[in-house]
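Residue-level listing of the chains:
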Amino acid sequence: AQSVSQHNHHVILSEAASLELGCNYSYGGTVNLFWYVQYPGQHLQLLLKYFSGDPLVKGIKGFEAEFIKSKFSFNLRKPSVQWSDTAEYFCAVNAASGTYKYIFGTGTRLKVLA
Amino acid sequence: DAGVIQSPRHEVTEMGQEVTLRCKPISGHNSLFWYRQTMMRGLELLIYFNNNVPIDDSGMPEDRFSAKMPNASFSTLKIQPSEPRDSAVYFCASRLGEGSRETQYFGPGTRLLVL
């Protein structure tokens with residue numbers, strides 16, 4: 001069965017610090033990978049997604065993620081965080097063979113101190 | 001476009017009462033998803049509709065939960081009777097197309113508290 005692990009449940013950083021949030025998935029086939037962000041009191045929004053091609057994916061707001069197939073990982077990064085990046089971040093995966101079902105990680109709560 | 005619309009945004013009810021959550025997907029989207037978010041279990045898919053037809057309800061926790069999509073612009077998730085362990089945020093999402101690469105767009109969620 002597919003599963004997604006986000007090992008960092010809570011992360012606290014100061015502004016301008018670099019960010020890396022871990023995401024590992026379990027699935028034997030080809031997958032599509034997503035990062036969603038949920039700002040306080042708001043709905044989930046897509047940050048970036050990976051389907052194929054260049055394993056380094058750039059998303060909105062300066063975020064990027066790197067797909068490392070050998071490690072089953074899709075870590076999210078940002079070189080310099082801002083206070084406004086305070087949010088919960090979710091990694092998600094679905095099978096590339098045409099299924100609809102997203103499997104979400106349990107999320108990482110990021111707090112950026114001004 | 002107004003995005004996915006959910007109502008109510010907050011619901012507080014007593015155990016045993018019926019709860020109905022509503023969702024209006026983005027116009028033109030033909031797939032609709034209901035999710036439940038809790039601290040313990042994260043974001044779980046409850047049920048998925050395609051062209052108003054329920055495709056997979058394996059995530060629906062038990063018979064107390066039911067979902068309908070009478071037309072392309074409206075869906076409901078009903079809990080009857082409600083229990084305290086149903087307290088969670090319930091999200092609706094919609095998507096255009098059936099391919100696995102299509103992005104899901106989420107609504108603002110309904111925060112449900114069952115006392």
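Structural notes, computed from the coordinates.

Criteria and cut-off values
- Residues numbered from 1 in each chain as written.
- Chains lettered and ligands numbered in written order.
- Predicted model: local features only at pLDDT ≥ 70, side-chain atom pairs only at ≥ 80, totals over all residues.
- Heavy atoms only, no water.
- Core = buried A, V, L, I, M, F, W, Y, C linked by side-chain atoms within 4.5 Å.
- Buried < 20%, exposed > 50% of the residue type's maximum accessible area, 1.4 Å probe, protein only.
- Helix = DSSP H or I, 4+ residues; strand = E, 2+ residues; numbered from the N terminus.
- Contact = heavy atoms within 4.5 Å.
- Salt bridge = Lys/Arg side-chain N within 4 Å of Asp/Glu carboxyl O.
- Phe/Tyr/Trp six-rings, centres within 6.5 Å; stacked < 30°, edge-to-face > 60°.
- Buried area = accessible area lost by both parts, 1.4 Å probe.
- Polar contact = N/O pair within 3.5 Å; in protein donor to acceptor, adjacent residues only side chain to side chain.
- Nonpolar A, V, L, I, M, F, W, Y, C, P; charged D, E, K, R; others polar.

**With respect to the nonpolar core**
The tendency in soluble globular proteins is for nonpolar side chains to be buried as a group. If you look at the biggest cluster of nonpolar residues, it comprises 28 residues, and the most contacted ones within it are Leu-33, Trp-35, Leu-47, Leu-48, Phe-74, Leu-76 and Tyr-89 of chain A. Elements that contribute at least two residues to this core include exactly strand 2 (10–14), strand 3 (19–21), strand 5 (31–38), strand 6 (44–50), strand 8 (64–68), strand 9 (73–78), strand 10 (87–95) and strand 12 (108–113) of chain A. Sequence-distant contacts of Leu-76 of chain A, that is, excluding residues within four places in its chain, are made with Leu-19, Glu-20, Leu-21, Trp-35, Leu-47, Leu-48, Phe-63, Glu-64, Ala-65 and Tyr-89 of chain A. In this structure, Ala-67, Ile-79, Ala-88 and Leu-112 of chain B belong to the second largest nonpolar core, which totals 21 residues.

**Examining unusual backbone geometry**
Residue Ser-7 of chain B is joined to Pro-8 of chain B through a cis peptide bond whose omega torsion reads -10°. Along the chain, the position of Pro-8 of chain B falls in the loop between strand 1 (5–7) and strand 2 (10–13). Of the consecutive residues Gln-80 of chain B and Pro-81 of chain B, the connecting peptide bond is found in the cis state with omega at -5°. Here Pro-81 of chain B shows up in the loop between strand 8 (74–79) and strand 9 (88–95). Despite not being glycine, Lys-61 of chain A has its phi angle at roughly 60°, a positive value. Note that Lys-61 of chain A resides in the loop between strand 7 (56–58) and strand 8. Positive phi outside glycine occurs at Phe-72 of chain A, with the angle close to 50°. In this fold, Phe-72 of chain A is placed in the loop between strand 8 and strand 9.

**Topic: the pattern of salt bridges**
Tallied over the full model, the rule gives 13 salt bridges over all chains. Note that Arg-77 of chain A is salt-bridged to Glu-66 of chain A, the shortest N-O span being 3.1 Å. Of the two residues, Arg-77 of chain A is situated in strand 9 and Glu-66 of chain A in strand 8; the sequence distance between them amounts to 11 residues. Arg-64 of chain B is the partner of Glu-62 of chain B in a salt bridge, and the nearest nitrogen-oxygen pair spans 2.8 Å. On the basis of relative accessibility, which here comes to 28%, the residue Glu-62 of chain B falls in the partly exposed class. Classification of Arg-64 of chain B as buried rests on a relative accessible area of 10%. Connected via shared salt-bridge partners are Glu-62, Arg-64, Glu-83, Arg-85 and Asp-86 of chain B.

**Focus: the packing of aromatic side chains**
In this description, an aromatic ring pair is defined by two values, namely the gap between the centres and the angle between the planes. Applying the stated criterion to the full structure yields 17 aromatic pairs over all chains. Considering the side-chain rings of Phe-34 of chain A and Phe-51 of chain A, the 6.0 Å spacing of their centres and the 70° angle between planes classify their relative orientation as edge-to-face. Separated by 17 residues along the polypeptide, Phe-34 of chain A in strand 5 and Phe-51 of chain A in the loop between strand 6 and strand 7 bring together distant segments of the chain. Members of the aromatic cluster, each reached through a chain of ring pairs, are Phe-34, Tyr-36, Phe-51, Tyr-102 and Phe-104 of chain A together with Phe-33, Tyr-35, Tyr-48, Phe-91 and Phe-106 of chain B.

**Thoughts on the interface of chain A and chain B**
Interface extent is often summarised as the accessible area lost during association of the parts. Between chain A and chain B, the residue contacts involve 24 residues of the former and 23 residues of the latter. Overall, the association of chain A and chain B removes approximately 1,800 Å² of surface from exposure, summing both partners, and the carbon and sulfur fraction of that is 53%. Inspection of the region where chain A meets chain B yields 0 salt bridges. For the pair chain A and chain B, the interface holds 3 residue pairs in polar contact (both at pLDDT 80 or more). Residue assignment for the side of chain A that touches chain B shows that the elements contributing at least two residues are strand 5, strand 6 and strand 10 of chain A. Residue composition of the side of chain A that touches chain B, grouped by class: 11 nonpolar, 9 polar and 4 charged.

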